[in-house]
Amino acid sequence: MAQCLQSVQEFIQDAFVPLVAVLCSEEAEKVTRKNELNFEELVRPFCRLTSEVHMRDPNNQIHVIKGLKISINNIVTQPPQPGAIRKRLNDVVSACQPADGLVANVITAGDYDLNISDRSVKASVPWYSNWKETLMNLNTSKFYSATTPWFEAYRENFFQTTSASDHEFLNHYLACMLVVSSREPEPIEQFLKLSQEQHRIQHSSDYSYPKWFIPNTLKYYVLLHDISEGNEQRVDSVYEEMKQRYGSQGCYLLKINSRTSVKGSEEQIPDPWSQYLHKHSLQNQDSYEDGINALIMNKNAENSFITSLDGLEHIVKDGVPNNFKSHPLQLDNVTDPVGHSDNPEPAKSTGSLQDVKKQNSVTAHGTCLTLNDHDRIRQFIQEFTFRGLVPHIEKTIRQLNDQLVSRKGLSRSLFTATKKWFSGNKVPEKGVNEVKNTAGLLYPPEAPELQIRKMADLCFLVQHYDLAYSCYHTAKKEFLHDQALLYAAGAQEMAAVSAFLQPGAPRSYPAHYMENAIQIYKDCRCMVLAERCTLLSAEILKSQGKYSDAAAILIRMTSEDSDLRSALLLEQAAHCFINMRNPMVRKFAFHMILAGHRFSKAGQRKHALRCYCQAMQVYKGKGWSLAEDHINFTIGRQSFTLRQLDNAVSAFKHILINDSKQPATQQGAFLREYLYVYKSVSQLSPEGPLLQLPLPCINSSATRVFFGHYRRLAEGEKQAATHVSLDQEYDAESSQQWKELEEQGVSVIYKGTLPPNFQTTQYCLNSQTDNSRYSLAVVEEPITVEVIFKNPLKVPLLLTDLSLLWKFMPLDYRDFPNEEKELISNEKDSHAKVPFGNEITGTEVIPEFVINGEEIKPARLKLFPHQTGELHILGVVYNLGTTTANISNAIDGTDPTAGTQAGKFMNNFLSVRGKQDLEIQGPRLNNTKEEKTSVRYGPDHRLDPIITEPMPLLEVFFINFPTGLLCGEIRKAYVEFMNVSKCPLTGLKVISQHPDFFTFGSSTASLTPQSPTASENCSAYKTVVTDSTSTCTALTSLVSPMDFGVDSENPPGVIDVPLPNSELLPGASVQLPLWLRGPDEEGVHEINFLFYYESTEKQSKMSHRVLRHTAVICTSRSLSVRATACRSNALEDEEGSASNMLVFLDVENTNTSEGVREFHIVQVSSGSKCWKLQKCISPLEDKDSKLTSRERAKLCFKASRCRNTETTSCLSEKYVFADLVLGNEQIISATTPCADFFFQNARMLKSKTSPLQANVQTSQTPGKQSVRDSLTLVQQCHEVELNIIVLWKAYVVEDNKQLILEGQLHVTLHSIGKEACSFLQKQESQEMVVLKFIRPEHPPVPPVPSLDQLSHLIKTSLHYPEYFSHPFQEKSLCLVPVDLVLSNCSQADVDVIIDLRHKSTSPEALEVLGSFTWLGKTQHKLQMKGQEVYRLHLKACFIHAGVYNLGTPRIFAKLSNQVTLYETKQNSVPALIIISNI
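Conventions and cut-offs
- Residues numbered from 1 in each chain as written.
- Predicted model: local features only at pLDDT ≥ 70, side-chain atom pairs only at ≥ 80, totals over all residues.
- Heavy atoms only, no water.
- Helix = DSSP H or I, 4+ residues; strand = E, 2+ residues; numbered from the N terminus.
- Buried < 20%, exposed > 50% of the residue type's maximum accessible area, 1.4 Å probe, protein only.
- Contact = heavy atoms within 4.5 Å.
- Areas by Shrake-Rupley, 256 points an atom, 1.4 Å probe, with all protein chains shown as cover.
- Polar contact = N/O pair within 3.5 Å; in protein donor to acceptor, adjacent residues only side chain to side chain.
- Core = buried A, V, L, I, M, F, W, Y, C linked by side-chain atoms within 4.5 Å.
- Salt bridge = Lys/Arg side-chain N within 4 Å of Asp/Glu carboxyl O.
- Pairing = 2+ DSSP bridges.
- Axes fitted to C-alpha atoms, helices over the stretch in contact; angles between N-to-C directions.
- Expected span 1.5 Å × (residues − 1).
- Phe/Tyr/Trp six-rings, centres within 6.5 Å; stacked < 30°, edge-to-face > 60°.
- Lys NZ or Arg CZ within 6 Å of the ring centre and 35° of its normal.
- Parallel < 35°, antiparallel > 145°, perpendicular 65-115°, else oblique.
- Left-handed = near helix turned anticlockwise from the far one by under 90°.
- Patch = residues over 30% accessible without salt bridge, like charges linked within 9 Å, V, L, I, M, F, W, Y side chains within 5 Å.
- Nonpolar A, V, L, I, M, F, W, Y, C, P; charged D, E, K, R; others polar.

Undergrad: Residues and numbers for the overall build of the chain, please.
TA: The secondary structure content of the chain amounts to 35 helices and 59 strands. Relative to its 1478 residues, the chain shows a buried fraction of 51%. In the chain, the share of contacts with a sequence separation of at least 24, taken over all contacts with a separation of at least 6, comes to 77%. Just so you have it, the chain exposes about 69700 Å², and 51% of that area is on carbon and sulfur atoms.

See the structure below:
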């Protein structure tokens, strides 16, 4: 049970108090009416004694009565009917509600913190008592939990309205006050009339109510004197006469109304009556409304005083049958004329209720009384109790005790005979029906059993609980012996209470007495008595900490005959569960649900709502979705009935947004209930701000924002640039590549640096992009917001008139500073269903948007800004409704919970207008230490774009752009640039990571036609028909790289687009040729093009714009080329030059596709600053080399250094292009597109290779510097830097049509003897090894030339006749002249030693070749300058004919500044000479 403001002892003592009747004359009532009170109300606040009362028990022991309270009531001759009592109790509970705004009382029960906001001050606390101390003690008590003042008020009124019964005497009157005014002409005579009237009411058979305790009722005579009327002497004389007639202890003179001037007095007199009268007026407002009155008999038979239960009197005629009407909300009385109603606010037929409320709110009580009058009234009650009532009770107890004691010595049989004598030979019938229903078993008033019960009740009323328990226990035995079960139950009930209240607790509380009594009451259909017994027992058990037993007894008392009683008891049982040592929170919640249901049936909707809300604290968030749905639905229904529309909307909202497991029909019913309630709320303020809608759910973090128009799709042969769209998924790696490309382009404009205010262009913003800065949008260009909606329900949702909410701050960025302007928002006009705010920002409206059950669906909403400024997108606004399918289900009856509201929804299209905010939380900050140790989030401004001035807008279309190419294939396409804005465009550039994929041609290239040709055999190269004689030698030309943009200021990836006049006017378009070359690696390639452009007018916010395009090219294999360079044996060529070498090409057809028939190598070209291809050494039978699948061809070419006229190209950085034509047409390699791709490939290779040689440190000592210079000189003699271009044609069959494809492959020879390939070899990933740090013990040795490098310093060649005839018979010695030609391959001075003493020692060689001797010096020493050629004349001596090898000289060489000699490598081919004899 909930904690009460009273202790259990105080509660029981206040429940059973001595009753005193009062009978007033008409003049006395007039005296009290000056204070807006009757006599009963006048004395009510003073009926609790503040001092102790002493009396003597039958054993002559002094007994102390503490805090005695008496109840003084007007005489009512008819008992209140059950319907009236039920109405009063229902009104009491309904009027007592938790105070609004009260601080919640948090009860910790297990793991739950329950907020129960129902603390209040009990209204029955006397005004003069220290109620603050009571509250402080209550708040600091460890047992303090929640209070339920409505239950206490119900319990208090229940005991007050409990009618007197014959089997007990606790509610019988002990005394009667006769009150007469001193203004009466004959007061004594008036006292006599009132006494006779009281005697007639008590002893006449016409009146069975009220009940009197004993026949000889104490009569106390009160003379009421109005001091304001004076005449004190007459009053004193009358009072003296009264004392002589009735004795000084039987009468009293009460003087009141000593306050003469009410308006002029400034003294503030307390009003102790307001708390009682206000409480009773709340309880009985409906009684006033129905005109219900109470009847009191007076001396005149014609008229009588009619007083209602709260004491207000009315004059009516005699004969009013009852003082109450039946309760309109009671269920257990089927004969009630009004019947049952669930409406807590019935319609009012008259204005009486408002009149009563107004009267109670303005009426002041006790206005003629002073504090002295208060003391006189208090003294009057004390005198009456001390001198009249308590002595009367003491005397009655002695008399009853003497009667009982006189019978103790009699035998059982005699005592039985005495009982028969007293009972008039009454023989109780003991049939089954009579036992269960004791209506036929009545004891006469003089029965000894009743005398015992009377004595017990008197002792109980004066707090003599020991003697009371003994008497109750004795009476219980007697009643059980007679099987008078109803009497026995009453005795057991009071015996248990007396045992509990005994001071010192000599015996334990007999709970089984209470259980037996309750069961007997139920069997006898005495539900009121059973309820009283339950309330007493539960309170006692609770005080002993037996909450489980208390809850059980409360639950057992619930039944279907009274919903209000069952609801209150279930609620108290629920509180018992959370007050246990181990709180049972779920049982608390379950019984609160039951209590709320019974409250609802009883018409107590506010209490029902409170119970459901308290139970929701337990069920919420525990995964019991069905229970939550039921509770929320009930809360919504109750709140809507109570016109708490906001709470109703919130409750229904929770049903819809939770992960509901309800079937679709039930969810549809919930949705319709919500729409109906929401519409009711919105109709309260039609022009007010829109309310938040819970459906559909919005994933705000997934909101995407796109700036700009959607690009046009492909039109015929035109293919639009892909750019950015909402249909593309975000790729962080790709986004980083675009960012780097844009930074590369901007850095070119700003001379290699980025401006401090640089901001990467982002056309599409999402949760993964950087939204920390305000994005930029262009005026008159749309802004598309993609909102992700999710329907959590299984029924479809219909959104109509869907649009965005925004606010806008107009700013003119051309004027500085900006003036403060008014913030504009379309939320004020959000009730409209048409586009609004078009003059500021055009807003697109989607007429219908259907989201199916459990579907996630994006909606793309557009805004069209017409002014510059700051735009803030707030949320979405729409009409939420259900589809026609849901409406038809409700009409067809498939949804039983739809009720009668389907017709209303049909008329209103089942829709309500509302909004949802887009609230996006930024990323969590995790940079600094403070951010890492706390939870902080950065800004996210994706919904806050800045609208800038107009900017140019570029659209790009590609014509004949291929999707598949062979590796190295050249294809000619066209690109069209179109300016679709109203601003001119300039500074157009293309930025790409693959500049070797495309070219716009050189600046010296001839103009190309504006439209592509349709000829399938049209070549992309510039060709010239050649004759057969020109194919033997190479055709050379001199080209400057500047013509192809190689040495421009732009990095390799930034290419200027050659626009006419360098700008594109608004609405203009231009087509430019675009040559493409397939990447050297096969596979699928994504090549990014970033088109960078600017406006001719500089803008303050946006400096440039970009357009993105991603080309997807699928390449397949073509040819694989491997090249090797080696030194030529011939030291001099036809032109007399000694610098030449051989170039070997290994070409393989690696294509395995069936469509590619064969490849033709039509030309081999070279491009270098110092070398050129001279001629083809191995001519083929056919003019060009044909290669089918997997075939190989080996080609050998002679290369030589450029001539003296061409060597100037090394200084001027010009390239020499040499073409060796293997077909009928010469492809001029020095023009577009061949030269373009050649230079781009060279630049890409140069950027990819790490400049190792450039990192050589120059800050060395002179000795080390010379060593490094020597190393460089040696290395240079092996460097070639010859670029080979292999041009080919492929014959392809596609769609039964033969196509001729052409392309080119590049091979770069860097050094002699090192093989080069046409494609980069993929480096194998090295295994990770443990990195070791080793400290060198010795300083590093400077690098020296390798043995292989030094062995190639000198190139040698022998010149001799191959056949020589000599007459050996004439001359025995044959002398043959031989020239040894030496060539210094380096630029350094070289010391050379020629040793002629070497002879072959191999026996095999001696057998085959003969031996000869060199004549002259056997060793020659000489020094050769760089690139010097030296001819040494030698003579070989032969003695007989034969075949001889002249390659026996050994050549040693060393750099002039070195010491070590190295032997040069000779040709492996022997120098054979044939000597013949003549």
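Undergrad: Describe the side chain of Arg704, and please don't skip the residues or the numbers.
TA: Tracing the sequence through the fold places Arg704 in strand S13 (residues 704-707). Of note is the side chain of Arg704, whose polar atom sits 2.4 Å from the backbone oxygen of Leu726. Among the polar contacts listed, one links the side chain of Arg704 to the backbone oxygen of Gln728, at a separation of 3.3 Å. Once you skip the residues sitting within four places of it in the chain, Arg704 turns out to touch Leu726, Gln728, Cys764, Leu765, Asn766, Thr784, Val785, Glu786 and Arg860.

Undergrad: Break down the nonpolar core for me, with residues and values.
TA: Of all hydrophobic cores here, the largest spans 147 residues; its most connected members are Ile12, Phe16, Phe39, Met177, Phe380 and Phe460. If you tally residues by element for this core, the top one is helix H17 (residues 485-501), at 13 residues. If near-sequence neighbours (up to four positions away) are discounted, Phe460 is found in contact with Ile12, Phe16, Leu170, Tyr465, Ala468, Tyr472, Met494, Val497, Ser498 and Leu501.

Undergrad: So what's going on with the pattern of salt bridges? Residues and values would help.
TA: Tallied over the entire structure, the rule returns 51 salt bridges. One salt bridge connects Arg183 with Glu27, and the closest N-O pair in it is separated by 3.2 Å. Remark: Glu27 occurs in helix H2 (residues 26-33) and Arg183 occurs in the loop between strand S7 (173-181) and helix H7 (187-203); sequence separation between them is 156 residues. Using a relative accessible area of 23% as the deciding quantity, one classes Glu27 as partly exposed. Residues Asp1395 and Arg1397 are paired through a salt bridge, measuring 3.1 Å at the closest nitrogen-oxygen approach. Look at Asp1395 and you get buried, because its relative accessible area is 11%.

Undergrad: Give a description of the sheet that holds strand S8 (residues 218-226) that names residues and reports values.
TA: If you walk across this open sheet you meet the five strands as S4-S1-S7-S8-S9, and the pairing is parallel. What marks the edges here is a single partner per strand, and that holds for strand S4 (71-74) and strand S9 (251-256). Put simply, the sheet's adjacent strands are angled 30 degrees from each other on average, direction ignored. Pairing geometry for S7 and S8, over seven bridges, is parallel. When the bridges of S8 are listed, Cys176 appears paired with Lys219. Sitting on the sheet, H2 touches strand S1 (19-24), S7, S8 and S9, and the angle it makes with S7 is about 80 degrees. Contacts between helix H8 (residues 232-246) and the sheet are confined to S8 and S9, with S9 contributing the most and set at about 160 degrees to the helix.

Undergrad: Outline H7, listing residues and values.
TA: Taking 1.5 Å of rise per residue, 17 residues should cover 24 Å, and H7 covers 24 Å from first to last C-alpha, within 8% of that figure. Within the sequence span of H7, burial applies to Pro187, Ile188, Gln190, Phe191, Leu194, Ser195, Glu197, Gln198, Ile201 and Gln202. As for H7, its buried residues are in contact with S1, S7, S8 and H8.

Undergrad: So what about the environment of Gln644? Which residues, and what values?
TA: With respect to the secondary-structure elements, Gln644 resides in the loop between helix H24 (625-641) and helix H25 (645-657). Counting along the chain gives 37 residues from Gln644 to Val681, while the straight-line C-alpha distance between them is 9.3 Å. Those residues in contact with Gln644 that sit more than four places away from it in its chain are Leu609 and Ser639.

Undergrad: Any chance you could break down the pairing of strand S22 (residues 856-865) for me, citing the residues and the numbers?
TA: With eight bridges joining them, strand S17 (residues 783-790) and S22 adopt antiparallel strand pairing. Its bridge partner being in S22, Ile783 is matched across the sheet by Leu863. Relative to S22, strand S20 (residues 841-843) runs antiparallel, the two sharing three bridges. If you follow Gly842 over to S22, its bridge partner there is Phe864.

Undergrad: Residue-level account of the packing of aromatic side chains, with values.
TA: All chains considered together, the criterion is met by 45 aromatic pairs. Ring plane angle 80 degrees and centroid distance 5.6 Å describe the contact between Phe16 and Phe460, whose orientation is recorded as edge-to-face. On the criterion of sequence distance, the pair formed by Phe16 in the loop between helix H1 (8-15) and S1 and Phe460 in helix H15 (residues 448-461) is long-range, its members being 444 residues apart. For the residue pair Phe16 and Phe460, the accessibility class agrees, reading buried in each case. Through successive ring pairs, a cluster of aromatic residues spans Phe11, Phe16, Tyr154, Phe158, Phe159, Phe460, Tyr465 and Tyr472. Lying over the aromatic face of Phe957, Lys718 brings its terminal NZ or CZ to 5.7 Å of the ring centre. In this structure, Lys857 packs its charged tip against the face of Phe849, placed 4.7 Å from the ring centre.

Undergrad: Quick one: what's the story with the packing of helix H16 (residues 465-481) against H17, residue by residue and with numbers?
TA: Put simply, H16 and H17 touch, their axes get as near as 8 Å, and they point 155 degrees apart. Taken together, the axes of H16 and H17 are roughly antiparallel relative to one another. Here H16 runs over H17; the crossing is left-handed. On H17, the residues that touch Tyr465, Ala468, Tyr469, Tyr472, Ala475, Lys476, Phe479 and Leu480 of H16 are Leu485, Tyr487, Ala488, Ala491, Gln492, Met494, Ala495, Ser498, Ala499 and Leu501.

Undergrad: Run through the pairing of strand S59 (residues 1472-1477), naming residues and quoting values.
TA: Summarising the sheet, strand S50 (residues 1363-1366) and S59 pair through four bridges and their orientation is parallel. Bridge pairing in S59 places His1366 opposite Asn1477. Where strand S56 (residues 1442-1445) and S59 come together, four bridges link them in antiparallel fashion. What sits directly across from Gly1442, in S59, is Ile1475.

Undergrad: Please set out the sheet that holds S59 residue by residue, giving values where relevant.
TA: What the three strands build is an open sheet, ordered S50-S59-S56; its pairing is mixed. If you trace the sheet from one side to the other, it starts and ends with S50 and S56, each paired once. Averaged over all adjacent pairs, the angle separating strand axes in this sheet is 25 degrees, with direction ignored.

Undergrad: Let's hear about unusual backbone geometry: which residues, and what values?
TA: With an omega of 5 degrees, the peptide bond between Tyr209 and Pro210 qualifies as cis. Going from Thr1232 to Pro1233, the amide bond is cis rather than trans, its omega being 5 degrees. Relative to the helices and strands, Pro1233 is located in the loop between strand S45 (1225-1227) and helix H32 (1234-1248). Its identity as a non-glycine residue notwithstanding, Arg643 has a phi of 65 degrees, on the positive side. Take Arg643: it is sitting in the loop between H24 and H25. For Arg643, a relative accessible area of 51% corresponds to the exposed category. Here Arg1190, not a glycine, exhibits a phi torsion of approximately 65 degrees, which is positive. With respect to the element layout, Arg1190 can be found in the loop between strand S42 (1185-1187) and strand S43 (1192-1201). A residue is classified by how much of its surface remains accessible, and Arg1190, at 45% relative accessible area, is partly exposed.

Undergrad: Now, about a nonpolar patch on the surface: what can you tell me, with residues and values included?
TA: Together, Tyr1363, Val1443, Leu1472 and Ile1474 make up a nonpolar patch on the protein surface, roughly 360 Å² of accessible area in all. Mapped onto the fold, Tyr1363 is located in strand S50.

Undergrad: I'd love a proper account of the side chain of Thr1150, names of residues and values included.
TA: For Thr1150, the location among the structural elements is in the loop between strand S39 (1140-1149) and strand S40 (1156-1168). With residues near it in sequence (within four places) discarded, Thr1150 still touches Arg1117, Ser1118, Leu1119, Ser1120 and Arg1190.

Undergrad: How would you sum up the packing of helix H21 (residues 563-578) against helix H22 (residues 585-601)? Please name residues and give values.
TA: Interaxial distance between H21 and H22 falls to 8 Å at its minimum, and their mutual angle equals 165 degrees. Comparing their axes, H22 and H21 come out roughly antiparallel. Pair H21 / H22 crosses with left-handed handedness. Along the contact surface, H21 presents Asp563, Leu564, Ser566, Ala567, Leu568, Leu570, Glu571, Ala574, His575, Phe577 and Ile578, while H22 presents Val585, Lys587, Phe588, His591, Met592, Leu594, Ala595, Arg598, Phe599 and Lys601. Residues that form the contact of H21 with H22 fall into these classes: 13 nonpolar, three polar and five charged.

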